[in-house]
Amino acid sequence: MAWDNVGENAPWVNEAISNQIVASKRLALASIGKAAAVFGEDWTPQNREWVKRSAFTYARELTSLAKATASTSKERRDLTRRVLQSSAGRTCVLIHAASKRGLTLTRSGLEKLSSEIWPWKDCGEAVRVCLKEKPDGTHRPTVDLGVRRLALSYLAGHVLRAIWGVAPDEFNRRGKGTHAAVGFLMRAIENDRPWAFTADVKDFYPSIRHEVVKKFVPLPENVISNCILIPEGVKLIVPPGYGDSEATRDTLRRGIPQGSPTSDLVASQLLGMLLEPIAFDTMCARYSDNIFGACDTREDAEATLLALSERLRTHPAGELTLHKQTVTHSDKGVHLLGYLVTTNANQERYEARAFPSPSSCSRWLSELPSRLTMQSIDARQDEAIALTLEWLRCWRSSDPSCDWIDRLLTRAIVVASEPTDELS
């Protein structure tokens, strides 16, 4: 089996057992808070107690698995199988999936769905393909999973999170995100590491070989195929009018499909293998297929990227290469995940600041007209200012009254003043 190939000392296994336990409990108990919206009018006291019992049972099962990661492989295999077979677990992940899809279910409907999903067997749902536009104007194919396939993906992800735990340098996960990733870089710069480096792995998700996933992911092969990968027989629905639909289907089937809850977790663990042996005076982290960090000299930053490139060429996941590599002094401004991170030049100590990058501001201004609902010019200008200030709240800035915000608001007013079909 696939899990026989995963030793107790696998390079990405997180030894912080307490973090694994906390993460496992949170994943299970989160279903209680989501159940009220899913059940709607069927959210009776009896159903509330049923969901609570299921959630606490699932939490205990995941916690036992998290505690067993340092135990014998046989014990871990048995506990993994028990969680995958758990009816309480299927109830909880279906609530997660229904909440994500915005569905309302009765208890009988949820129990029927639970009887129709089994991690060792394909659920039979087709997979819709979404085309996500990238900053360069091209499109990245991602998957839009139905409630059954989404629930199975959540189940596999919860099991893997209990086994692998939470890596401190992994930011594309619940409780972290782009703001935390940028905060990591800001702290690194303020820690007298002014030379920042960024890169991403070219075509990382499609390049990961299935045989590598089945070797390193500690789940049965059938579960990996049905819950993480897209089996050959699954129907992929590509939007009409989009180029070569067969090439898109081949891309999604060839590697790990982007867009599922488990894909980022598996990809992040494989990518994390690169970062552990970096021996330079470096603070290095990852967000999805992006790698970033900071060093005290330009030479160390360039040497770090060179070492990562060498390791990628021999990575067991496939033939991988770094691209979009940059080495930048923080005084010049570092672009990361839609942010622009800068420091003041010629100061005694580095004080990092972060703003939305010029490209992020341009995208926002291009989207702004479609968000405006008012008719008169004055009302549209006021609405544009309010919406832009709301958008800015998600960005980290040490000086909310700085000049660049005034310039952005001025540009938003200009956009709102342009005539529309309704006003012409």
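Observations concerning the pairing of strand β3 (residues 195-201)
- Judged by how many residues are buried, β3 sits mostly within the fold: seven of seven residues are covered.
- In terms of strand pairing, β3 meets strand β6 (residues 290-295) through six bridges, oriented antiparallel. Looking across to β6, one finds that W195 is bridged to C295.
- Bridge count for β3 against strand β7 (residues 322-329) is six bridges, and the pairing is antiparallel. Within the sheet, the bridge partner assigned to A196 lies in β7 and is T328.

Structural notes on the packing of aromatic side chains
- Counted under the stated rule, the structure contains seven aromatic pairs.
- A centroid spacing of 5.5 Å and a plane angle of 45° characterise the contact between F39 and W43, whose relative ring orientation is tilted. Side by side, F39 and W43 carry an identical accessibility label, which is buried.
- Ring geometry for F184 versus F292: centroids 6.0 Å apart, planes at 80°, classification edge-to-face. One end of the pair, F184, is in helix α7 (residues 178-190); the other, F292, is in strand β6, with 108 residues separating them in the sequence. For the pair F184 and F292, a shared accessibility class is recorded, and that class is buried.
- An aromatic cluster of at least three residues, connected via ring pairs, comprises F39, W43 and W50.
- It is R107 that lies over the ring of W50; its NZ or CZ is 4.3 Å from the centre.

Considering the pattern of salt bridges
- Within the structure shown, the criterion is met by 13 salt bridges.
- Among the salt bridges present, the one from R161 reaches E170, with a minimum N-O distance of 3.4 Å.
- You can call E170 buried: its relative accessible area is 1%.
- Three or more residues joined by partner-sharing salt bridges are found here, namely K112, E116, E125 and R148.

Procedures and definitions
- Residues numbered from 1 in each chain as written.
- Predicted model: local features only at pLDDT ≥ 70, side-chain atom pairs only at ≥ 80, totals over all residues.
- Heavy atoms only, no water.
- Buried < 20%, exposed > 50% of the residue type's maximum accessible area, 1.4 Å probe, protein only.
- Helix = DSSP H or I, 4+ residues; strand = E, 2+ residues; numbered from the N terminus.
- Pairing = 2+ DSSP bridges.
- Phe/Tyr/Trp six-rings, centres within 6.5 Å; stacked < 30°, edge-to-face > 60°.
- Lys NZ or Arg CZ within 6 Å of the ring centre and 35° of its normal.
- Salt bridge = Lys/Arg side-chain N within 4 Å of Asp/Glu carboxyl O.

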